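Tertiary structure, described
The residues making up each chain are set out below.
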Amino acid sequence: MKISVLTLFPDFIRSLTNYSMVGRAINDKILDFEVIDIRDFAINKYLQVDDYPYGGGPGMLMQAKPIVESIESCKSDKSKVYYLSPQGKVLTQEKLLELRDEEHLILLNGHYEGIDQRVIDNYVDEEISIGDYVLTGGEIASMVVIDGVTRLLDGVLACEDSFSDESHFNGLLEHPQYTRPKDFRGYTVPEILLSGDHEKIRKYRLRESIKNTLLKRPDLIKNKTLNEEETQILNDLLEGGKDNGYN
Ligand code: ADE
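Labelled according to an unreviewed UniProt entry, the chain appears under the name tRNA (guanine-N(1)-)-methyltransferase, originating from Peptoniphilus olsenii. Comment text from UniProt for the chain, heading Catalytic activity (unreviewed entry), reads "guanosine(37) in tRNA + S-adenosyl-L-methionine = N(1)-methylguanosine(37) in tRNA + S-adenosyl-L-homocysteine + H(+)". According to UniProt, the comment filed for the chain under the heading Subcellular location (unreviewed entry) is "Cytoplasm".

Shown next as structure tokens:
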């Protein structure tokens, strides 16, 4: 997988490569990572990349030429161009899995009041938002995408289990986790986790995962197709949870 990041703040993006998982993926040649400074394609010797919006209005817009030339400097038939923008579809774990299967992601970061619409209409494949709020630019959103995708690449996490078990992987939030000691200031670990009975632990965790999702993100349950076991657990929880299924 290759990721090219187009930005006016290359050092900010490069700081990501110094830190654990992304840096390791680059060193291990799992991720080919490049940062392109849009200012290298500025329209004049003053390194101008922005201008006033036609029709008036506040702030400055990034101009088409520097952006399009920076896209063209790294694009091939295998590339997909993503513009990080609050107008995009909100990023989900499912989308990260889709991005993980692309060969080359080009992440375009806007600044100022945005970018010339002709770039979006003619050179961008998709807009991605990281949430319904507005940031000063796309860089932090790009870092979210880079981090989220990198950890899904083969060979980055210790084993597939590391993410097949976690929140959002199967449309549910993760069950709670505990580590030593068994008793921390009187707060104890659920007995079942110490039982060594793998089937009971599996059922307990599934139930806790559904309970967590129901309490914290009921919208996820509505969008998920539950299997028979999950449906039974959900119905039981909705009825007050007498049958906890693992005792
Ligand atoms: N740029 C500014 N705000 C953003 C957001 N919410 N998501 C992605 N890119 C952005």
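Continuing now.
**Brief notes about the overall build of the chain**
Helix and strand counts for the chain come out as 10 helices and 9 strands. Against the globule reference of 18 Å for 247 residues, the chain gives a C-alpha radius of gyration of 23 Å, more extended than a compact globule. In terms of its C-alpha atoms, the chain occupies a principal-axis envelope of roughly 75 × 40 × 40 Å. Counting across all 247 residues of the chain, residues that qualify as buried make up 42%. Accessible surface, the chain: about 14,600 Å² in total, of which carbon and sulfur atoms supply 49%. Within the chain, the 43 negative side-chain charges are centred at a point lying 4 Å from the centre of the 29 positive side-chain charges.

**Thoughts on the side chain of S70**
Its location among the elements puts S70 in helix α3 (residues 64–72). Each residue touching S70, except ones within four places of it in the same chain, is listed here: L6, I36, I38 and F41.

**Focus on the environment of P218**
Its location among the elements puts P218 in helix α9 (residues 218–223). In this structure the C-alpha to C-alpha distance between P218 and Q93, which are 125 residues apart in sequence, comes to 17 Å.

**Re unusual backbone geometry**
At the junction of R180 and P181, the peptide bond is cis and its omega measures out at 5° in the coordinates. Looking at where P181 falls in the secondary structure, it is placed in the loop between α7 (161–164) and β8 (183–184). With phi around 60°, L47 is a residue other than glycine that occupies positive phi space. Tracing the sequence through the fold places L47 in the loop between β2 (32–37) and β3 (50–51). Even without being a glycine, Y112 presents a positive backbone phi close to 55°. Looking at the element boundaries, Y112 is found in the loop between β6 (104–109) and α5 (117–123).

Definitions and limits used
- Residues numbered from 1 in each chain as written.
- Predicted model: local features only at pLDDT ≥ 70, side-chain atom pairs only at ≥ 80, totals over all residues.
- Heavy atoms only, no water.
- UniProt positions renumbered as here; feature names shortened; annotations may be inferred.
- Helix = DSSP H or I, 4+ residues; strand = E, 2+ residues; numbered from the N terminus.
- Rg over C-alpha atoms; globule rule 2.2 N^0.38 Å.
- Buried < 20%, exposed > 50% of the residue type's maximum accessible area, 1.4 Å probe, protein only.
- Areas by Shrake-Rupley, 256 points an atom, 1.4 Å probe, with all protein chains shown as cover.
- Lys, Arg positive; Asp, Glu negative; His and termini not counted.
- Charge placed at Lys NZ, Arg CZ, Asp CG, Glu CD.
- Contact = heavy atoms within 4.5 Å.

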